[in-house]
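Observations on chain architecture
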Amino acid sequence: MSPPVAPLVEIFSSIQGEGIWVGCRQIFLRFAGCNLACSYCDTPRGIPHYCRWEARPGSREFLLLPNPLTAQEVALMIRKLEPAAHHSISLTGGEPLLHTSFLLELIPLLKGTRQGIYLETNGTLPDSLERILPLVDIIAMDIKLPGTANINPCWQEHRAFLKLARGKHVFVKLVVDEDSKPEEIERALDLICSVGDIPLVIQPVTTPEGKTRVNPEKVITWQSRALERLTDVRVIPQTHKFLGHL
Ligand SMILES: C[S@@+](CC[C@H](N)C(=O)[O-])C[C@H]1O[C@@H](n2cnc3c(N)ncnc32)[C@H](O)[C@@H]1O
Ligand SMILES: Nc1nc2[nH]cc(C(=O)O)c2c(=O)[nH]1
Ligand code: SF4
Ligand SMILES: [Mg+2]
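Keep in mind that what you see is a predicted model, and the values were worked out from it rather than measured. (Residues numbered from 1 in each chain as written. Chains lettered and ligands numbered in written order. Predicted model: local features only at pLDDT ≥ 70, side-chain atom pairs only at ≥ 80, totals over all residues. Heavy atoms only, no water.)

**Considering the UniProt feature "binding site: S-adenosyl-L-methionine" (unreviewed entry) in the protein**
UniProt's entry tags Y40, C41, D42 and G94 with the feature "binding site: S-adenosyl-L-methionine" (unreviewed entry), counted in the numbering of this structure. For the residues just named, distributed over 55 residues, the greatest C-alpha separation is only 13.1 Å, placing them together at one site. The topology assignment puts Y40 in the loop between strand 3 (25-31) and strand 4 (61-62). With sequence-adjacent residues up to four places away left out, Y40 is seen in contact with D142, K144, T148, A149, V175 and V205. (UniProt positions renumbered as here; feature names shortened; annotations may be inferred. Helix = DSSP H or I, 4+ residues; strand = E, 2+ residues; numbered from the N terminus. Contact = heavy atoms within 4.5 Å.)

**Describing the pattern of salt bridges**
All chains considered together, the criterion is met by 12 salt bridges. Across the salt bridge formed by K144 and D142, the nearest N and O atoms sit 2.9 Å from each other. Just as K144 is buried, D142 falls in that class too. E186 is paired through a salt bridge with R225; the nearest N and O atoms lie 2.6 Å apart. (Salt bridge = Lys/Arg side-chain N within 4 Å of Asp/Glu carboxyl O. Buried < 20%, exposed > 50% of the residue type's maximum accessible area, 1.4 Å probe, protein only.)

**A short note on the pairing of strand 9 (residues 169-176)**
Taking burial as the measure, the 8 residues of strand 9 include 7 buried ones, the bulk of the element. Across 5 bridges, strand 8 (residues 138-142) lies against strand 9 in parallel orientation. Each bridged residue has a counterpart across the sheet, and for I139 the counterpart in strand 9 is V170. Direction of pairing for strand 9 relative to strand 10 (residues 200-204): parallel, over a ladder of 5 bridges. Looking across to strand 10, one finds that K173 is bridged to V201. Crossover connection from strand 9 via helix 6 (residues 182-195) to parallel strand 10: handedness right-handed. (Pairing = 2+ DSSP bridges. Right-handed = clockwise from strand over helix to strand, strands pointing away.)

**Some details on the side chain of Q26**
Looking at where Q26 falls in the secondary structure, it is placed in strand 3. Polar contacts involving the side chain of Q26 include one to the side chain of Q16, which spans 2.5 Å. Within the structure, Q26 has its side chain in polar contact with the side chain of S88 (distance 2.8 Å). Aside from chain neighbours lying at most four places away, what touches Q26 is F12, S13, S14, Q16, H86, H87, S88, S90 and Y118. (Polar contact = N/O pair within 3.5 Å; in protein donor to acceptor, adjacent residues only side chain to side chain.)

**Overview of the environment of R187**
Of note, R187 is situated in helix 6. A sequence separation of 32 residues divides R187 from W155, and the C-alpha atoms of the two residues are 8.5 Å apart.

Written out as structure tokens, the structure reads:
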């Protein structure tokens, strides 16, 4: 039987630009494909807008699709990026949990980072998470606001997902915009609080140029409301966009 392969878009060493581990040095594995189509997405189907189909100097190596790679090939490429000098390996996309058979094969080969495996996910595939849960260390999960992302509500999937994830180092990201609905933010807070006192990052929609559109007064109000119910609530835009798409 041939080994599982996965369509990877890019493998690169960079600075984590989002969430509670912002600023940490990570190796990023970006998988192609996604089960959602968020209106604000800067990486639709896993293809970043800056992606050019040729390798370019520096730490990034763009991999031509559709030549999917085996786990052994990916592990070899990661070893060349010195995992020991990195906080963790971020599995991102697109939606990495669309590739769980490949991840089951790959993750045991990815040794050597300081804090292990960081899963960046849209929090809508609890069954897939369950398959790889013992292999991941940190989970950055989105709770998608239907009106902001312009997608169908995923509240049930998010709840099941967060209940599974709460045994790990997990935090929730809530991407907000100028027109985010307070009732949807309340619904997200209800969901988080029903599972536990889980760290929350409010992440304004950020343009490729690193600009945000949301009214700061609104963000302050949303954070204050969240702080009435949760201990750790931070507002962090995508910082890597200020740094020039690292
Ligand atoms: C590209 S997604 C990949 C992982 C997974 N599909 C998800 O949505 O969590 C990584 C993170 O970038 C966020 N994101 C994507 N486009 C964004 C934008 N324009 N502004 C702010 N956050 C964005 C997502 O919400 C998610 O937290
Ligand atoms: N520097 C940097 N930080 C990130 N944090 C989450 C990212 C993602 O696209 O998953 C990302 C990314 O694409 N680049
Ligand atoms: S789930 Fe993530 S990768 Fe997929 S469209 Fe939404 S933000 Fe983009
Ligand atoms: Mg990104």
